[in-house]
Amino acid sequence: MLRPAFLRRLLAFCAAFAIWLPAHADIFVVVPATSTVKTMTQKEVVDIYMGRTRAFAGGEFALPFDLPRDHPGRAAFYQALTGMGPAQINSYWSRLMFSGQVMPPQPLPGEAAMADVVKRNPSAIGYVLQEPSDKGLHVVLVLKESK
Amino acid sequence: MSAVGPIPGSAHPDAGRRLPWLGVRRSLHRRFVAGVALAAALFALVAGGLAYRLGAQRAEGAARQTVASLQAAVAKTAAIAVYANDTVLMHEVVDGMTRNPLVLHAEIDDLQGRPLPQAAGGKPVEADRAAAAPVTLGLVSPFDATERIGALRVDIDGDELGVIARREAWTFAALMAAQSLLVALVVALAGARLVSRPIVRLARELESMPAGSAGRLAVPDGHDDDEIGVLVRSANDLLAANAQALQRERELRLDIEAMEAQYRQIFDSTSAGIFVLDREGRLINGNPTVLKLVGREMSDMRQLRGQDFLGRVFVRPERVRALIEESARRGETMSADLELLAATGESRWAHCLVSVQDGGTHPAVEDAPGGGIIEGVLYDITERKRAESDVRRRAERDALTGTLNRAAIEEAIDRFLAQGGPEASMSLLYLDLDGFKSINDRHGHASGDRVLQQVTARIRAELRRASDVVGRIGGDEFLIVLPNDGAADTTAAHVAAAVLARTAQPIELDDGVVVQVGVSIGLASYPRHGATRRELVHAADEAMYEVKRHGKNAVASAYRPFGVRSKT
């Protein structure tokens, strides 16, 4: 006999699967597996990456990491996250950087560095372009790449 | 006569009293310009007022638009600043806003409407500053248009807005006023050129034109078909008609003057005396001939004027008055021969015509009492009268003795009988000389004539009244008529006796010869001895004949009744 909890989880899994299936490529927002954060809304991710807040919803310090400026994944990420192109994102940051009060997320050399840094830093948040197989990473949000 | 008067308004009685208007009421053009200027000024005032309000409104609208544009320009940056909670950037934004002079105060509010820290700039908004509603722009998240994250509030500087609004309003109003004035100027110039100037010029020309002038007005260029052309042509027609009327009047006056001179000449030089009297008989006017007729100088006219003319001119003014009354009654001209009172003593006669005219036409009569005037004409008939009386005398008188002839004495008898009433009486003496024939035969006719003249003188000497007349009715026969002397009177008998005695006196002829004649007298009285002349003369003749038969040189009265003879 199946337990209701299991059934609910199964249903959720199926639903999630049904959603990401038709997409080309998805972007996976990840935190270290050790983090207390288990899931995030897109808005929470935006607020952290666009400098509105430096904390997760639960209040823990959040340290976002980014890919290099010219990395195609970065453009795809911001496009999926905010609907804005890299030029707009750069413009946004240039206004804020003018005052020097708010700084953009720190860029890392590549996806491997990203996975490695996030896995080892408990406050970190990052993104990868493939579903991580590494047990040290935990996906909190899947962003569907917009066409 | 209708002279062309001054142009109405050129001597306006109010002109002096309206000094402040500088003759505006006297000049069509000035009135027109003043009217247009007044209208333009009023319009400019109203339009300017409206334009001012409109300008103020527009200025405020424009200010709000400007502020809104400013807000829109910085909205994104402001939103990013709020989103990222970047106070420096917020301050920067707010500070940039306040640079605009219109912006009194700018701030970025949170969702509760409170200003964020460092996000307010400009002067504080005070309650006593000119109130203008703040312009607020909502700020949304740069990444989620549905999420409001704050608001950008800007307070407009009321004072600055007022300054701008006034400037705008003044500019607008000035433009409107200038336009009105420009239009007014154009209208005034056009009106002056098209209407008032031609009319003013026409008025001056017309005013300077003397009555009856041959001058005509010229139609101003370009006005042939409009009302000014009509005005000029009508005025010219009137001028022509006026001149024609004046010319006619002048000709007529000349005619009248010529006629008057002619009449005056006739009046002054005519041989007829002409006079005009008022109804009371006082002299109004007379010509020189009248004065000459009454032996006066022309200079006496003045003193005669207004005086009783009739009493001073006519011997018997009552007869003239009677003529006048008759003329007035019958409405005809009456005439009579009248004797004039002559200054020189020689009696003058005039044939006088008088007629009474109803008053009203003669200027001197309109005030005259009784109404009407009396016109009289006098012809001098003194000479005719004198000639007439000579003729009559010659016809009536016996050439030798100067007594009445037979016809005249008979007429005298007839006249008396015709006039006589029931109480009238008259006596006739029929005289026949005795012994006259023998004197004639013996001494010649001249002696006979001398005897007759002598006897006549003696008879005349015995006549006592002016009315008694003697006439020679035959060679040596005389008839004496004694009017108002009847049979009962003794006068006739006395006269007869006296004549008888005197005739018997000797008569001395030229050559010294003395002769003597007698006379036989027959007496007859009216009405006792006859009712007609024939009967009376016959009765007297019969009585005389009786004397002759019975010895002559005596007097016998006729018998009564007829046919019975008596002898004295």
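**Thoughts on the overall build of chain B**
Check the secondary structure of chain B and you find 14 helices and 16 strands. Of all 568 residues assigned to chain B, the portion counted as buried reaches 38%. In chain B, 58% of the contacts between residues at least 6 apart in sequence involve partners at least 24 apart. For chain B, the exposed surface amounts to about 31800 Å²; the carbon and sulfur share of it is 54%.

**Here's the deal with the side chain of B:Ser355**
With respect to the helices, strands and loops of the structure, B:Ser355 is situated in strand β8 (residues 348-357). Within polar-contact distance, the side chain of B:Ser355 engages the side chain of B:Gln357 at 3.3 Å.

**A short note on the packing of helix α3 (residues 158-208) of chain B against helix α4 (residues 227-269) of chain B**
For any two helices packed against each other, one specifies the crossing angle of their axes together with the interaxial distance. All names here are of chain B. Running from amino to carboxyl end, α3 crosses α4 at an angle of 10°, the nearest separation of the two axes being 11 Å. Judged on the interaxial angle alone, α4 and α3 are roughly parallel. Contact residues: Leu194, Val195, Pro198, Ile199, Leu202 and Leu206 in α3; Ile228, Leu231, Val232 and Leu239 in α4. The residue makeup of the contact of α3 with α4, split by class, is 10 nonpolar, no polar and no charged.

**Notes on the environment of B:Ile80**
Take B:Ile80: it is sitting in helix α1 (residues 28-83). Once the C-alpha coordinates of B:Ile80 and B:Ser141 are considered, the two residues, 61 residues apart in sequence, prove to be 7.3 Å apart. For B:Ile80, the residues in contact, after removing those within four places along its chain, are A:Tyr92, A:Arg95, A:Leu96, B:Asn85, B:Leu89 and B:Pro142.

**Comments concerning the sheet that holds strand β10 (residues 426-434) of chain B**
Residues and elements named next belong to chain B. Here we have 5 strands laid out as an open sheet, ordered β11-β12-β10-β15-β16, and mixed in their pairing. In this open sheet, the two edge strands, each paired with only one partner strand, are β11 (469-472) and β16 (555-557). For this sheet, the mean angle separating the axes of adjacent strands, direction not counted, is 20°. Alignment of β11 against strand β12 (residues 477-483), held across 4 bridges, turns out to be antiparallel. Its bridge partner lying in β12, Val470 is registered against Ile480. Contacts from helix α10 (residues 406-419) reach β10, β11, β12 and β15 (518-526), with the element oriented near 20° to β12. Helix α12 (residues 445-462) contacts β10, β11 and β12 of the sheet and is inclined by roughly 15° relative to β12.

**Remarks on the pattern of salt bridges**
Residue and element names in this part refer to chain B. Applying the stated criterion across every chain yields a total of 37 salt bridges over all chains. Between Glu462 and Arg502 there is a salt bridge whose closest N-O contact spans 2.6 Å. Taken together, the residues span a long stretch of sequence, with Glu462 in helix α12 and Arg502 in helix α13 (residues 491-503) at a distance of 40 residues. A relative accessible area of 17% places Glu462 in the buried class. For Arg549, the salt bridge goes to Glu546, with nearest N and O atoms at 2.7 Å.

**Things to note about the interface of chain A and chain B**
Contacts between chain A and chain B engage 15 residues on the former and 15 residues on the latter. The interface formed by chain A and chain B contains 2 salt bridges. B:Glu147 serves as the salt-bridge partner of A:Arg52, at 3.1 Å between the closest nitrogen and oxygen. Inspection of the region where chain A meets chain B yields 4 residue pairs in polar contact (both at pLDDT 80 or more). Elements supplying a minimum of two residues to the side of chain A that touches chain B: α2 (42-49) and α4 (86-99) of chain A.

**Some thoughts on the confidence of the model for chain B**
Residue and element names in this part refer to chain B. Counting all residues, the mean pLDDT for chain B is 82, and 90% of those residues have values of 70 or more. This model gives residues 1-19 a pLDDT under 50, and the stretch forms 15 contacts once residues within four places in sequence are excluded. Here residues 561-568 scores under 50 on pLDDT; set against residues more than four positions off or in separate chains, the count is 18 contacts. Prediction confidence for the complex, expressed as pTM and ipTM, is 0.44 and 0.77 respectively.

**Some remarks on the confidence of the model for chain A**
The predicted model of chain A has a mean per-residue pLDDT of 84, with 82% of residues at 70 or higher. Note that pLDDT drops below 50 for residues 17-23 of chain A; the model gives that stretch 3 contacts with residues more than four away or on any other chain.

**Points about the environment of B:Ser213**
All names here are of chain B. Structurally, the position occupied by Ser213 is in the loop between α3 and α4. Relative accessible area serves as the criterion here: at 15%, Ser213 is assigned to the buried category. Sequence separation between Ser213 and Leu239 is 26 residues; the distance between their C-alpha atoms is 7.8 Å.

**Observations concerning the nonpolar core**
Judged by nonpolar contacts, the single largest core of 69 residues is most densely connected at A:Met50, A:Phe77, A:Tyr92 and B:Ile108. Element by element, the count of residues in this core is highest for α1(B), at 9 residues. With near-sequence residues (within four places) excluded, B:Ile108 lies in contact with B:Ala78, B:Val82, B:Met90, B:Val93, B:Val94, B:Arg114, B:Pro115, B:Leu116, B:Ala119, B:Leu139, B:Ala151 and B:Leu152. If you look at the next biggest cluster of nonpolar residues, it comprises 27 residues, including B:Leu463, B:Val499, B:Ile521 and B:Leu523.

**Re the pairing of strand β2 (residues 115-122) of chain B**
Bridge count for strand β1 (residues 103-109) of chain B against β2(B) is 4 bridges, and the pairing is antiparallel. Along β2(B), the bridge assignment pairs B:His105 with B:Gly122.

**Looking at unusual backbone geometry**
Residue and element names in this part refer to chain B. In this model, Tyr526 is joined to Pro527 through a cis peptide bond whose omega is 0°. Within the chain, Gln118 stands out as a residue other than glycine whose phi angle is a positive 65°. Position of Gln118 relative to the elements: it lies in strand β2.

Parameters at a glance
- Throughout this description, residue numbers start from 1 for each chain and increase along the sequence as written.
- All chains are assigned letters beginning with A, and all ligands numbers beginning with 1, in the order in which they are written.
- Where totals are concerned, whole chains, interfaces and linings use all residues; where local detail is concerned, this predicted model gives features only for residues with pLDDT of at least 70, and gives and counts side-chain atom pairs only at 80 or more.
- Hydrogens and water are ignored here; the side-chain numbers use all heavy atoms of the structure.
- By definition, any uninterrupted DSSP run of H or I lasting at least four residues is a helix, any uninterrupted run of E lasting at least two residues is a strand, and each is numbered from the N terminus.
- Exposure classes here rest on a 1.4 Å probe applied to the protein chains alone. A residue is buried below 20% of its type maximum, exposed above 50%, and partly exposed in between.
- We call two residues in contact when some of their heavy atoms are within 4.5 Å.
- All accessible-area figures derive from a Shrake-Rupley calculation using a 1.4 Å probe, and residue coverage is judged against the displayed protein chains alone.
- Pairs of N or O atoms are called polar contacts if they sit within 3.5 Å, as long as, within protein, a hydrogen donor faces a hydrogen acceptor (for residues adjacent in sequence, only side-chain-to-side-chain pairs).
- Axis lines are fitted through C-alpha atoms, for helices just across the contact stretch, and the angle between N-to-C directions can take any value from 0 to 180 degrees.
- Angular relationships are summarised with four words: roughly parallel below 35 degrees, roughly antiparallel beyond 145, roughly perpendicular across 65 to 115, and oblique for the angles in between.
- Following the grouping adopted for this structure description, the nonpolar residues are Ala, Val, Leu, Ile, Met, Phe, Trp, Tyr, Cys and Pro, the charged ones are Asp, Glu, Lys and Arg, and the polar ones are all others, Gly among them.
- Pairing between strands is defined by DSSP: at least two bridges between the two strands are required.
- Think of a salt bridge as a Lys or Arg side-chain nitrogen and an Asp or Glu carboxyl oxygen that are within 4 Å of each other.
- Scored from 0 to 100, pLDDT records how confident the predictor is in each individual residue.
- Buried Ala, Val, Leu, Ile, Met, Phe, Trp, Tyr and Cys residues that are joined via side-chain atoms within 4.5 Å together make up what is termed a nonpolar core.

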